[in-house]
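# Descriptive analysis of the structure
The chain contents come next:
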Amino acid sequence: PSAKRIKLDEGAKLPDLPYPFGPGPAVRVHVPEDVVIPPVTGRGRELLRRATSQWQWDAFEYALHVQTYPLATLMKHMLTHSGLIDEFKLSSVHAERRLDRFLVAVDMHYHRPIRNPAEDRVDVKSTQGEEGGDGLRVGYHNVIHACDVLQSTYAYIHLSDLIVNQPCPRFRYEMLWAAMVHDFGHPGVDNDFLVKTKSAAAEACEEAPLEHYHSRFGKVVKCEFDAFDYATVVEGHEPGTSRYFRWDDFVPAMVMDTDMSRHSDVLRRVLEPAGASGWSPPSSDARWNDLVQEAKKWSAYCEERRVEDRNRRTEENPGRFEVGASDGVDGVENGVADDLLERVRLLETLVLKAADLGHLARPLAVHKEWVEVLFEEFWRLGDREREAGLDVKPLHDRAGSSPVRVAESQVWFFNAVGLPLFQALVEVLPAARCQLEAVRENCEYWEGRLEAEKAAEKVKEVSTTNGRT
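Analysis parameters
Residues numbered from 1 in each chain as written. Predicted model: local features only at pLDDT ≥ 70, side-chain atom pairs only at ≥ 80, totals over all residues. Heavy atoms only, no water. Helix = DSSP H or I, 4+ residues; strand = E, 2+ residues; numbered from the N terminus. Contact = heavy atoms within 4.5 Å. Areas by Shrake-Rupley, 256 points an atom, 1.4 Å probe, with all protein chains shown as cover. Axes fitted to C-alpha atoms, helices over the stretch in contact; angles between N-to-C directions. Parallel < 35°, antiparallel > 145°, perpendicular 65-115°, else oblique. Buried < 20%, exposed > 50% of the residue type's maximum accessible area, 1.4 Å probe, protein only. Phe/Tyr/Trp six-rings, centres within 6.5 Å; stacked < 30°, edge-to-face > 60°. Arc of directions from axis to C-beta. Left-handed = near helix turned anticlockwise from the far one by under 90°. Nonpolar A, V, L, I, M, F, W, Y, C, P; charged D, E, K, R; others polar. 1 Å grid on protein atoms, 1.4 Å probe; cavity = no way out; pocket = protein on both sides within 12 Å on 5 of 7 lines; lining within 4 Å. Points joined across faces, edges and corners; volume = space filled by probe spheres on them. Patch = residues over 30% accessible without salt bridge, like charges linked within 9 Å, V, L, I, M, F, W, Y side chains within 5 Å. Salt bridge = Lys/Arg side-chain N within 4 Å of Asp/Glu carboxyl O. Lys, Arg positive; Asp, Glu negative; His and termini not counted. Charge placed at Lys NZ, Arg CZ, Asp CG, Glu CD. pLDDT = per-residue confidence, 0-100.

Okay, the overall build of the protein next. Of regular secondary structure, the protein possesses 21 helices and six strands. Taking contacts inside the protein between residues at least 6 apart in sequence as the whole, the part at least 24 apart equals 76%. Carbon together with sulfur atoms contributes 49% to the accessible area of the protein, which is approximately 20700 Å² in total.

A few words now on the packing of helix 3 (residues 70–81) against helix 9 (residues 169–181). One way to put it is that helix 3 packs onto helix 9 with a least axis distance of 11 Å and a crossing angle of 170 degrees. When the axes of helix 3 and helix 9 are compared, the pair comes out roughly antiparallel. On helix 9, the residues that touch Leu71, Ala72, Met75 and Leu79 of helix 3 are Tyr173, Leu176, Trp177 and Met180.

Quick look at the side chain of Asn116 now. Turning to its location among the elements, Asn116 is positioned in the loop between strand 3 (112–113) and helix 6 (117–122). Accessibility expressed as a relative area gives 2% for Asn116, which makes it buried. Apart from residues lying up to four places away in sequence, Asn116 is in contact with Phe60, Ala63, Leu64 and Ile144.

With respect to the helices and strands, Ala63 occurs in helix 2 (residues 59–65). When its relative accessible area of 1% is taken as the criterion, Ala63 is described as buried. Sequence separation of Ala63 and Glu119 is 56 residues, and the distance between their C-alpha atoms is 9.7 Å.

Now for the packing of aromatic side chains. All chains considered together, the criterion is met by eleven aromatic pairs. Site record: aromatic cluster; members linked through ring pairs are Phe60, Tyr140 and Trp370.

Because an α-helix packs 3.6 residues into every turn, residues spaced three or four apart end up facing the same way. Restricting attention to buried positions, one finds in helix 1 (residues 42–51) the residues Gly44, Leu47, Leu48 and Ala51. Down the axis, helix 1 shows its buried residues gathered within 105 degrees of arc, on one side only. What points out from helix 1, more than 90 degrees from its buried face, is the exposed set Gly42 and Arg45. Against helix 2, helix 3 and helix 7 (143–158) lie the buried residues of helix 1.

Let us now look at the packing of helix 7 against helix 9. Contact geometry for helix 7 and helix 9: axes closest at 8 Å, N-to-C directions at 160 degrees. As summarised for this structure, helix 7 and helix 9 are arranged roughly antiparallel, according to the angle between their axes. Considering only the axes of helix 7 and helix 9, their crossing is right-handed. Contacts between helix 7 and helix 9 involve Ala146, Val149, Leu150, Thr153, Tyr154, Ile157 and His158 from the first element and Arg172, Met175, Leu176, Ala179 and Met180 from the second. Grouping the amino acids of the contact of helix 7 with helix 9 by side-chain chemistry returns nine nonpolar, two polar and one charged.

Here the largest pocket defines a volume of roughly 930 Å³. Contributing to the lining of the largest pocket are 34 residues, with His141, Met260, Leu374, Phe378 and Phe413 lying nearest its centre. Within the residue set of the lining of the largest pocket, elements represented by two or more residues are helix 10 (191–196), helix 12 (209–215), helix 19 (364–387) and helix 20 (403–428). Class assignment of the residues belonging to the lining of the largest pocket gives a composition of 15 nonpolar, eleven polar and eight charged.

Turning to a negative patch on the surface, a few remarks are in order. Residues Glu441, Glu444, Glu447 and Glu451 make up a contiguous surface patch of negative charge. Counting through the fold element by element, Glu444 comes out in helix 21 (residues 433–468).

The backbone of Tyr69 sits at a positive phi, close to 50 degrees, despite the residue not being glycine. You can see Tyr69 is positioned in the loop between helix 2 and helix 3. Even without glycine at this site, Lys198 takes up a positive phi of about 55 degrees. Of note, Lys198 is situated in the loop between helix 10 and helix 11 (200–204). Take Lys198: its relative accessible area is 68%, and that puts it in the exposed class.

Moving on to the confidence of the model for the protein. Taken over all residues, the pLDDT of the protein has a mean of 76, while the share at 70 or more is 65%. A low-confidence stretch, residues 8–19 stays under pLDDT 50, and its non-local contacts, those more than four residues away or across chains, total 23 contacts. A low-confidence stretch, residues 126–135 stays under pLDDT 50, and its non-local contacts, those more than four residues away or across chains, total 20 contacts.

Inspection of every chain in the model, using the stated rule, returns 18 salt bridges. With a closest N to O distance of 2.8 Å, Arg43 and Glu61 form a salt bridge. Remark: Glu61 occurs in helix 2 and Arg43 occurs in helix 1; sequence separation between them is 18 residues. For Arg43, a relative accessible area of 32% translates into the label partly exposed. The exposure class assigned to Glu61 is buried, which follows from its relative accessible area of 18%. Across the pair Asp148 and Arg362 runs a salt bridge, and its minimum N-O distance is 2.9 Å. On the criterion of sequence distance, the pair formed by Asp148 in helix 7 and Arg362 in the loop between helix 18 (337–356) and helix 19 is long-range, its members being 214 residues apart.

The following block contains the structure:
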């Protein structure tokens, strides 16, 4: 049995939660209890192997060869390959069935692409996302983007020195989940549009309606999957001052921080030096350079206490007690628990934000395809802005778009957001320097492209003027 995306009448309610991104078709996802993520063979299997073994990866090609639940398939492969599926006791028949159903439900809540550029390369048309028609398709923030971000996150964990410094499996586990759900149900519009059109999503959270909805994936998808159901116990100095940090609070917090308006705040939380502003990485701050080491202290301590707790309870109840990676952990001494916990969250958020913009570091040909589908989403949003009687933003104006405007936007974004973010990341994870170099190369391409497009535009203007005279 396969999961299905069913389009309801406009204004209809979902069984558990109203679709908050109207106007537009509401969607209900039906996932049978016995749904199974099918095995992958051929080229798709090779692309899965590459996803867990190398930095550079092409999500477009992957989605072309793995058309049935591509995101769910990728996540399950990563959980298996990393050993997390065993750490969290998800390999039994019953647990695996619940895991599959939850993964498929998340996968199906992502919209399918307007087009997959990989189809154009080989002149093959996929059947991906045909249920419900064009109204269910999104140019950029779709299931392929989710696959791309998930692979980048896995690479940062396992191909840099992050995994060495994060021995506690919970932190790797939550980062993968945050990557998988970070754009859950994205409708292809921005927060400003949702606020101005007074959507239900904006009524729930005017500051960041999209990210608020994404972060509520656990409330939208109800498949009896309880792998998040545990907490970290942080003990205070005084008796009775222990507090609980629910582990699954980390994932929504990371998702909320993917809001573009929070970019600067994420870096400032590292302790911004006096007089610094914007995106200048706080290189002079020793606490920034020690971020990974501080997170390592917390992670190592949690892992040590987890093992001690498991051994103690096993001795007390031999043969009756089985403890996995999700056990609770007592707090850190000397009153540094809160600070270290915040440092762990900051490190994870920084990695997720870099992964969310991971296409900036993809091979140039793949990166350019991501820019193409991004602008297709922009232009469709501009069409909707015009239909709603709103001012159309310059980047969303299909009619006013030009090669110069596209190149200008990319040069600005690389220099204002992309390069500073990856520079900050490399200070924390030096082993990820190859990603920063790739971002610089792609930025240089757009700078050269901008100059060339401006020159071509001038030639065209001269030619037009001479023609008139």
